[in-house]
Amino acid sequence: MSNEVSTIFNRIAPVYDQLNDQLSLGLHRIWKEMTVKWSEAKPGDMGLDLCCGSGDLSFRLARHVGMTGQVYGVDFSANLLNTAQQRCQNYYPQPPITWLEADVLNLPFDNNYFDAATMGYGLRNVKDIPRSLQEIHRVLKPGAKAAILDFHRPSNEQLRSVQQWYLDSFVVPIATNLGLKEEYAYISPSLERFPIGQEQINLALEVGFLHATHYPIANGMMGVLVVIR
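Just so it is clear, the model here is predicted, and its values are computed rather than measured.

**Q** Quick question: what am I supposed to make of the overall build of the protein chain here?
**A** Helix and strand counts for the protein chain come out as 10 helices and 7 strands. Looking at the protein chain as a whole, 55% of its 229 residues qualify as buried. When contacts within the protein chain are restricted to residue pairs at least 6 apart in sequence, long-range pairs at least 24 apart make up 73% of them. Entry remark: accessible area of the protein chain is about 10,400 Å², with carbon and sulfur atoms responsible for 52%.

And the structure:
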């Protein structure tokens, strides 16, 4: 990821969770739970949460793998990782999560290491999407699944207009009130560059995944790419 994107997420860190709740009307919790279920993480598994941010998916993944499993929460933003570690102190017993500052394009893990992986709102921001998918493929065990949640551009023109209105009239003003206009204004242009569902499937198959499916959610304004190693 670029230094510019890194700076954005470091600045967002203090209000990241509050903003996610406000901007999605709390629905992001349901989408994240669906994502973890699609990863098929089970008790005793070794789980990986990439672009973990303040840890929402990591905590959910930890619940699925249980105390006999292990989760690695990986992010490039030191500030967001600090937020995740602070949130972790509120849990008892402590969930089996190791927080790690690392680059998702060059993961510090052996081949065939993880039983399940998740990524929430990260793939759209990486500099090299095929390379990121390639790294996920490399670190997963054969037969393991990864579930990748992100914004999505609906194919329906009216829904696309609704999404643009939502970003312009709702997301950016709320972020502006918190002094983060620039940080959230980037979502719209990043969506224009982001491959839509079928393109994501094609990219996943090209890097070697056995199977890939893209599930549109929230009227196609969000989507979850599910891949099988």
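**Q** Please clarify how the packing of aromatic side chains should be interpreted in this entry.
**A** Each aromatic ring pair is described using two quantities: the centre-to-centre distance and the angle formed by the ring planes. What the rule picks out here adds up to 10 aromatic pairs. With 4.4 Å between their ring centres and 10° between their planes, Trp 38 and Tyr 215 make a pair best called stacked. Linking Trp 38 in helix α3 (residues 28-39) with Tyr 215 in strand β6 (residues 211-217), this pair joins segments that are 177 residues apart in sequence. The class of Trp 38 is partly exposed, set by a relative accessible area of 24%. With a relative accessible area of 30%, Tyr 215 lands in the partly exposed category. Note on Tyr 72 and Phe 109: the rings are 5.1 Å apart at their centroids and 65° apart in plane angle, and the pair reads as edge-to-face. Taken together, the residues span a long stretch of sequence, with Tyr 72 in strand β2 (residues 70-75) and Phe 109 in the loop between β3 (97-101) and β4 (114-120) at a distance of 37 residues. Note on Tyr 72: relative accessible area 18%, which makes it buried.

**Q** What am I meant to see in the side chain of Gln 200 here?
**A** Structurally, the position occupied by Gln 200 is in helix α10 (residues 197-206). A polar contact is formed between the side chain of Gln 200 and the backbone oxygen of Pro 195, at a distance of 2.9 Å. When neighbours within four sequence positions are excluded, Gln 200 is seen to be in contact with His 152, Phe 194, Pro 195, His 214 and Leu 225.

**Q** In this structure, what is going on with the state of the cysteines? I would like to understand it.
**A** Working definition of a disulfide: a covalent bond connecting the sulfur atoms of two cysteines. Under the definition given, this model contains 0 disulfides. Note on Cys 51: no disulfide assigned, nearest cysteine sulfur contributed by Cys 52 at a separation of 8.2 Å. Since its relative accessible area comes to 10%, Cys 51 is described here as buried.

**Q** What is the right way to look at the nonpolar core in this model?
**A** One broad trend across soluble globular proteins is that nonpolar side chains are buried collectively. Counting residues in each nonpolar core, the largest one holds 32 residues, and the members touching the most others are Leu 48 and Leu 133. Sorting the residues of this core by element identifies β1 (46-50), β2, β4, α6 (129-139), β5 (140-151), α10 and β7 (222-228) as the ones contributing at least two each. If sequence neighbours within four positions are ignored, Leu 133 has contacts with Leu 123, Ile 148, Leu 203, Ala 204, Val 207, Phe 209 and Leu 225. One finds Tyr 166, Leu 180, Leu 191 and Ile 217 within the second-largest nonpolar core, a separate group that totals 18 residues.

**Q** I keep staring at α6 and nothing clicks. Help me out?
**A** Residue pairs three or four apart in sequence face the same way in an α-helix, which turns once every 3.6 residues. Every buried residue of α6 is accounted for by Ile 129, Ser 132, Leu 133, Glu 135, Ile 136, His 137 and Val 139. Capping the start of α6, Asp 128 holds a side-chain oxygen 3.1 Å from the backbone nitrogen of Arg 131, two or three residues further along.

**Q** Honestly, the pairing of β5 in this entry has me stumped. Any pointers?
**A** Two faces, one strand: in a regular strand the side chains alternate between the faces of the sheet. In terms of burial, β5 is largely enclosed, as 9 of its 12 residues are buried. Summarising the sheet, β4 and β5 pair through 6 bridges and their orientation is parallel. Along β5, the bridge assignment pairs Thr 118 with Ala 147. The β-α-β motif built from β4, the intervening α6 and the parallel element β5 has right-handed crossover chirality. In this sheet, β7 lies alongside β5 in antiparallel orientation, the contact comprising 7 bridges. Note on β7: the bridge partner recorded for Ala 146 is Val 227.

The rules we used
- Residues numbered from 1 in each chain as written.
- Predicted model: local features only at pLDDT ≥ 70, side-chain atom pairs only at ≥ 80, totals over all residues.
- Heavy atoms only, no water.
- Helix = DSSP H or I, 4+ residues; strand = E, 2+ residues; numbered from the N terminus.
- Buried < 20%, exposed > 50% of the residue type's maximum accessible area, 1.4 Å probe, protein only.
- Contact = heavy atoms within 4.5 Å.
- Areas by Shrake-Rupley, 256 points an atom, 1.4 Å probe, with all protein chains shown as cover.
- Phe/Tyr/Trp six-rings, centres within 6.5 Å; stacked < 30°, edge-to-face > 60°.
- Polar contact = N/O pair within 3.5 Å; in protein donor to acceptor, adjacent residues only side chain to side chain.
- Disulfide = S-S within 2.5 Å.
- Core = buried A, V, L, I, M, F, W, Y, C linked by side-chain atoms within 4.5 Å.
- Pairing = 2+ DSSP bridges.
- Right-handed = clockwise from strand over helix to strand, strands pointing away.

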